[in-house]
Amino acid sequence: MSYIGLIEINVICIAVLIITLLQFKDSILRHLEERILGFTIIDTIIYIVLSTVTKMLYSVHVQSDLYSSNQKICVIYAIMYALSLSSSLLLAQLWFSFIFLRIRKSVYSYKHLFPLFSTPSIIGIFICIGISIYGFTNNCHTTSLQFRRLLPFLIGLNFIYILATMVLGIQHAISQKNSTNRKEAFYLSFIALVPSGSCILQYFIPEVPLTDPIFALTLLHVYVTLLKYRITSDPLTGVNNKIRLIEYLQYITQHQDASKRLFILVMEVDFFKDIVRNFGYEMSDRVIAD
């Protein structure tokens, strides 16, 4: 693929990610899981830039015979490739962190388990650093061969995070009584398989830019989907809110069986103001949630 086409695709991807990041820059200041999602988008932008430079260096210097006479290009290629792989490992860890915080809702547990969560990415980053140092004393062909040999192992480290995310999401989905929350949990469990699959395809067809646009479009789709769930569910109780009720009423009235009657039941909590007055807002929130 030409450099112009590669740059055009990745510029579009970066523009999409920046627009997505700007759309919820205020909300990410309040919730840690949304800050993590913001960092995920930023790391994706960094990954796209690094992978673009790496592919251009690979096309110009590694596939040609210039590497034998230009050691500086070899060193730059090794460093850029190592940085791009490190950012992809960090991306997997950030995604797992986002899902963990969104499901568990426990910042304390996340901070307590953070060293364990970081272990696979730290191992992969140190491997990338080692190969980049290896590139200082070897030619580009040998360095790229080492990267290619270890790439399946690095992808495997990413899949550790993906599998852990799936386990968390499925467990959370099974425990949900609300169908909307259950769908969101299943969605977040399996959506990461799309960019992961693109990484596997990229390994077999390195000349085609697959990972960058798929990463960008996946994050955009995640943001739009989370926005949809957010505006149709109550953040305190997790139940469907008024907007979701109106959508449901519109659906069932438009598809109503003429032979059946339709009833609406409205429920309220007795003595709720007394609960707030005597026990405070925290207890009243627990009553509503229960």
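Everything numeric here is computed off the predicted structure, so don't read it as measured data. (Residues numbered from 1 in each chain as written. Predicted model: local features only at pLDDT ≥ 70, side-chain atom pairs only at ≥ 80, totals over all residues. Heavy atoms only, no water.)

## Overview of the pattern of salt bridges
All chains considered together, the criterion is met by three salt bridges. Salt-bridge contacts for Arg-102 lead to Glu-184; the nearest nitrogen and oxygen are separated by 2.7 Å. Here Arg-102, found in helix H3 (residues 71-104), pairs with Glu-184, found in helix H6 (residues 179-190); they are 82 residues apart in sequence, far enough to count as distant. Accessibility expressed as a relative area gives 10% for Glu-184, which makes it buried. (Salt bridge = Lys/Arg side-chain N within 4 Å of Asp/Glu carboxyl O. Helix = DSSP H or I, 4+ residues; strand = E, 2+ residues; numbered from the N terminus. Buried < 20%, exposed > 50% of the residue type's maximum accessible area, 1.4 Å probe, protein only.)

## Quick look at helix H10 (residues 272-289)
If you check H10, its first and last C-alpha atoms are just 13 Å apart, much less than what 18 residues at 1.5 Å a residue would give, namely 26 Å. The principal kink in H10, of about 130 degrees, is found at Gly-280. Those residues of H10 not exposed but buried are Ile-275, Val-276 and Ser-284. (Expected span 1.5 Å × (residues − 1). Bend = angle between axes of the 7 residues up to and from the residue.)

## What about the confidence of the model for the chain?
Per-residue confidence for the chain gives a mean pLDDT of 80, with 89% of residues at or over 70. Per-element mean pLDDT across the chain ranges from 79 in helix H7 (residues 193-204) up to 85 in helix H4 (residues 107-134). (pLDDT = per-residue confidence, 0-100.)

## Structural notes on H6
Given a rise of 1.5 Å per residue, 12 residues ought to cover 16 Å, and the 17 Å separating the end C-alpha atoms of H6 matches this to within 8%. Taken as a whole, H6 has its buried residues at Thr-180, Asn-181, Glu-184, Ala-185, Tyr-187, Leu-188 and Ser-189.

## As for the packing of aromatic side chains
Applying the stated rule across the entire model yields nine aromatic pairs. Ring centres 6.2 Å apart and planes at 40 degrees place the aromatic pair Phe-100 and Tyr-110 in the tilted group. Taken as a pair, Phe-100 in helix H3 and Tyr-110 in helix H4 lie far apart in primary sequence, 10 residues in all. Judged by its relative accessible area of 2%, Phe-100 falls in the buried class. (Phe/Tyr/Trp six-rings, centres within 6.5 Å; stacked < 30°, edge-to-face > 60°.)

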